[in-house]
Amino acid sequence: MLDVNLIRKDPEAVKAGLAAKNVKAEVIDAFLDADKSWREQTEKMDELRAKLNVFSKERNIEEAKKVKEELKTVEVGIAELAAKRDELLNKMPNVPNVT
């Protein structure tokens, strides 16, 4: 399995390596899009958890409930994005010496 950081850091080299194995480069672009969305949603989830902690400490139950509902929605979205991201990653074979 390819290293996610390698794909993020040097996608063109990975595309060249995949081309040597007759794999379309669009897989890399699709993976990078899914990965970007996953990272954005993960950041949003972290922000919501921080808000939830603040509201819980303040005993602001109404706001905490709203944030908790939004957090549930984001968590479901993250799970779907993670599955898509992993599926795309599994479609990619190891590439010959990319360094």
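Below, the structure is looked at part by part. (Residues numbered from 1 in each chain as written. Predicted model: local features only at pLDDT ≥ 70, side-chain atom pairs only at ≥ 80, totals over all residues. Heavy atoms only, no water.)

Further remarks concern the environment of leucine 89. Considering the arrangement of structural elements, one finds leucine 89 in helix H4 (residues 61-90). For leucine 89, a relative accessible area of 6% gives the class buried. (Helix = DSSP H or I, 4+ residues; strand = E, 2+ residues; numbered from the N terminus. Buried < 20%, exposed > 50% of the residue type's maximum accessible area, 1.4 Å probe, protein only.)

The next subject is the packing of helix H3 (residues 26-58) against H4. Each pair of packed helices can be summarised by the angle the axes make with each other and by the distance between the axes. Remark: H3 packs on H4, axes separated minimally by 8 Å, with the N-to-C direction vectors making an angle of 160 degrees. Accordingly, the angle class assigned to the pair H3 and H4 is roughly antiparallel. Once H3 is placed against H4, the crossing between them reads as left-handed. Here the residues of the contact of H3 with H4 sort into 18 nonpolar, 3 polar and 10 charged. (Axes fitted to C-alpha atoms, helices over the stretch in contact; angles between N-to-C directions. Parallel < 35°, antiparallel > 145°, perpendicular 65-115°, else oblique. Left-handed = near helix turned anticlockwise from the far one by under 90°. Nonpolar A, V, L, I, M, F, W, Y, C, P; charged D, E, K, R; others polar.)

This brings us to the side chain of aspartate 35. Here aspartate 35 shows up in helix H3. Residue class for aspartate 35 comes out buried when judged on its relative accessible area of 0%. A polar contact of 2.6 Å, which involves the side chain of aspartate 35, links it to the side chain of arginine 8. Those residues in contact with aspartate 35, other than ones at most four positions away along the chain, are Val4, Arg8 and Arg85. (Polar contact = N/O pair within 3.5 Å; in protein donor to acceptor, adjacent residues only side chain to side chain. Contact = heavy atoms within 4.5 Å.)

Before going further, it helps to spend a moment on the pattern of salt bridges. The final tally for this structure, using the stated rule, is 10 salt bridges. One salt bridge connects aspartate 35 with arginine 39, and the closest N-O pair in it is separated by 3.1 Å. Residue aspartate 35 and its partner arginine 39 are located together in helix H3, separated by 4 residues, close to a single helical turn. Owing to a relative accessible area of 39%, arginine 39 belongs among the partly exposed residues under this scheme. Measuring nitrogen to oxygen at the nearest pair gives 3.8 Å for the salt bridge that ties lysine 72 to glutamate 69. You can see lysine 72 and its partner glutamate 69 sitting in helix H4, 3 residues apart, about one turn around the helix. Each of the salt bridges in this network shares a partner with another, and the network as a whole consists of Arg8, Asp35, Arg39 and Arg85. (Salt bridge = Lys/Arg side-chain N within 4 Å of Asp/Glu carboxyl O.)

Purely spatial values, then, with no claim about function.
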